[in-house]
Amino acid sequence: MTRRQGFSIIELIVVIVVVAIAAVAIGSAFNYISRAQRLAVDLLMATQIAQECAAHVIARTRKPGTYAAAAAASPSTFCNGLPAIDPAFTRVLNVTDMAAGGALCGAGWACKRVEIIVPRAGASLVTLDFMLVNY
């Protein structure tokens, strides 16, 4: 009796199962990588939007007599005139007065805390905080 050369049905089934498991793992890895890359792009864009708004606030308040115009109400519309990078992102600018003579704001100074929040689809991606001082 001669033995036939080739694979048995059990060996073929084992190979198919191993290939199927590997395909699922590779698909999951690609899905994870694409979500991570999209989040990185969103964070980069949100950071750029926040920095643009911060630069706008600082530039507009450097002129003599314009410090008080940084915020008339909170949330402020101060940055709404800037062009939108992506309509999915929004800017929320909160400006609050800080008490003079505290740890951060010296006596006789007028200080404002500026908070810029950039959400996308309702989720806050970036929050940028800084202080304006008129001394």
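Above this text is the structure in question.
The model shown is predicted, which means the values in this text are computed figures rather than measured ones.

> Kindly report on the nonpolar core, identifying the contributing residues and their values.
Ranked by size, the top nonpolar core spans 19 residues in total, and within it Cys 53, Val 57, Leu 93, Val 114, Ile 116, Val 118 and Phe 130 carry the most contacts. Secondary-structure elements contributing two or more residues to this core are helix 1 (9-61), strand 1 (92-98), strand 2 (110-120) and strand 3 (123-134). Of all the elements, helix 1 adds the most residues to this core, at seven residues.

> Residue-level account of unusual backbone geometry, with values.
Non-glycine residue Ala 121 carries a positive phi angle of around 55°. In this fold, Ala 121 is placed in the loop between strand 2 and strand 3. On the basis of relative accessibility, which here comes to 75%, the residue Ala 121 falls in the exposed class.

> Describe in detail the packing of aromatic side chains, supporting the description with residues and values.
One pass over the full model with this rule turns up zero aromatic pairs. The side chain of Arg 120 reaches across the aromatic face of Phe 89, ending 5.6 Å from its centre.

> An account of the pairing of strand 3 is requested, with residue identities and associated values reported.
In terms of strand pairing, strand 2 meets strand 3 through eleven bridges, oriented antiparallel. Its bridge partner being in strand 3, Glu 115 is matched across the sheet by Asp 129.

Here is what the cut-offs are and how they apply
Residues numbered from 1 in each chain as written. Predicted model: local features only at pLDDT ≥ 70, side-chain atom pairs only at ≥ 80, totals over all residues. Heavy atoms only, no water. Core = buried A, V, L, I, M, F, W, Y, C linked by side-chain atoms within 4.5 Å. Buried < 20%, exposed > 50% of the residue type's maximum accessible area, 1.4 Å probe, protein only. Helix = DSSP H or I, 4+ residues; strand = E, 2+ residues; numbered from the N terminus. Phe/Tyr/Trp six-rings, centres within 6.5 Å; stacked < 30°, edge-to-face > 60°. Lys NZ or Arg CZ within 6 Å of the ring centre and 35° of its normal. Pairing = 2+ DSSP bridges.

By themselves, these observations are geometric and do not establish any function.
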